[in-house]
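Residues per chain are reported as follows:
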Amino acid sequence: MTWITGACAVAKQIREHDHDCQDAFAVEKIGDHQVIAVLADGAGSVSKAKEGAEITVKEAMACLKKLDLKNLSSQTIQDLSNIPQIIREKIRNIAEKNKEDPHNYASTLVAAVFMPDCLIGIQVGDGFLVSGTEDEYDLIFSGKRGEYVNETSFVTDETLDIQTFVQREPINFVALATDGLDHVAIDHRLNEAHMGFFKPFDTFLSEKPDKELIDSELKSFLTSDRLKQRSNDDRTLVIAKFLDG
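Residues numbered from 1 in each chain as written. Predicted model: local features only at pLDDT ≥ 70, side-chain atom pairs only at ≥ 80, totals over all residues. Heavy atoms only, no water.

Caption draft 1: Spatial organisation of the sheet that holds strand β11 (residues 173-177). The strand order across the open sheet formed by five strands is β1-β14-β11-β8-β9, and the pairing between neighbours is antiparallel. At either margin of the open sheet sits one strand with a lone partner, and together these are β1 (2-10) and β9 (136-141). Taken over all neighbouring pairs, the strand axes of this sheet differ in orientation by 15° on average, direction set aside. Alignment of β11 against strand β14 (residues 235-243), held across five bridges, turns out to be antiparallel. Of the residues in β14, the one forming a bridge with Leu176 is Val238. (Pairing = 2+ DSSP bridges. Helix = DSSP H or I, 4+ residues; strand = E, 2+ residues; numbered from the N terminus. Axes fitted to C-alpha atoms, helices over the stretch in contact; angles between N-to-C directions.)

Written out as structure tokens, the structure reads:
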């Protein structure tokens, strides 16, 4: 029994030429039963968006690996909630060293630690986290948006808007993505995950493809002409399934 995972990030296109992707991600398997996934989306309006996303992912991954998941105590939850402050302090130190405004490193964060019987998540800003078993897909995080289009919160904000989630129930499918996939994966009117988006990925992973094929198929999907027509943002997707045998 083990988790099988896939992940891919692609840059949006500007005048038919790819720009540097301002999304960043990391996925790490710990043994057969635990996976940590972290995604970040650098704010498109700032000068250090890519660097901000990369710092956010690196610091969040380091913090999540230190969490005590054996009993999920109140201290574990507090340590989870403290992660954005740690990221913000790291960014401030780097910005000060480089004589930059910390807000030039603005980035969102969505991350999760998942096991067959447990899901822990944290989010600052937009992006989504979905979990499922068989044919049911639950929308855990769907993104925190402001009054205006493309307005959200970031790990560099003075007042951090943090969402956390802890669930001790069986799961066998998890998906995380940056907001470039919101319009195709999430029904924001009903605040639900689109079955038609997640079920094919779930079925595909059930066939136990190798890692190279998973990542290749994800890249083909994220760069498809059909998706480009519906999303003009960077797109990052992480999928994972727990398989018997």
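Additional details are given in the paragraphs that follow.
Caption draft 2: Representation of the packing of helix α1 (residues 49-65) against helix α2 (residues 74-97). One way to put it is that α1 packs onto α2 with a least axis distance of 9 Å and a crossing angle of 140°. With respect to their mutual orientation, α1 and α2 come out oblique. Both α1 and α2 take part in a crossing whose hand is right-handed. Contacts between α1 and α2 involve Ile55, Thr56, Glu59, Ala60, Cys63 and Leu64 on the former and, on the latter, Leu80, Ile83, Ile86, Ile87, Lys90, Ile91 and Ile94. Here the contact of α1 with α2 is built from residues that sort into 10 nonpolar, one polar and two charged. (Parallel < 35°, antiparallel > 145°, perpendicular 65-115°, else oblique. Left-handed = near helix turned anticlockwise from the far one by under 90°. Contact = heavy atoms within 4.5 Å. Nonpolar A, V, L, I, M, F, W, Y, C, P; charged D, E, K, R; others polar.)

Caption draft 3: Layout of helix α5 (residues 211-222). Helix length check: α5, at 12 residues, gives a terminal C-alpha distance of 16 Å against a target of 16 Å (1.5 Å per residue), a fit within 8%. Of all the residues in α5, the buried ones are Ile214, Leu218 and Leu222. Seen along its axis, α5 keeps its buried residues to an arc of 60°; they face one direction. Considering only its buried residues, α5 is in contact with β1, α4 (195-206), α6 (225-230) and β14. (Expected span 1.5 Å × (residues − 1). Buried < 20%, exposed > 50% of the residue type's maximum accessible area, 1.4 Å probe, protein only. Arc of directions from axis to C-beta.)

Caption draft 4: Structural context of unusual backbone geometry. Positive phi values are uncommon outside glycine, yet Lys99 reaches one of about 55°. By the element assignment, Lys99 lies in the loop between α2 and β6 (109-115). Taking the relative accessible area as the measure of exposure, Lys99 reaches 79% and is therefore exposed.

Caption draft 5: Layout of the sheet that holds strand β4 (residues 23-30). Strand order in the open sheet formed by five strands is β4-β5-β6-β7-β10, and the pairing between neighbours is antiparallel. Sheet topology places β4 and β10 (162-167) at the edges, where each strand pairs with a single neighbour. Between one strand axis and the next, the sheet turns by 5° as a mean value, whatever way the strands run. The pairing of strand β5 (residues 34-41) with β6 spans five bridges and is classified as antiparallel.

Caption draft 6: A look at the pattern of salt bridges. The final tally for this structure, using the stated rule, is seven salt bridges. Between Arg189 and Asp187 there is a salt bridge, and its shortest N-O distance comes to 3.6 Å. Among the residues examined, Asp187 registers a relative accessible area of 13% and is labelled buried. Asp202 is paired through a salt bridge with Lys241; the nearest N and O atoms lie 2.6 Å apart. (Salt bridge = Lys/Arg side-chain N within 4 Å of Asp/Glu carboxyl O.)

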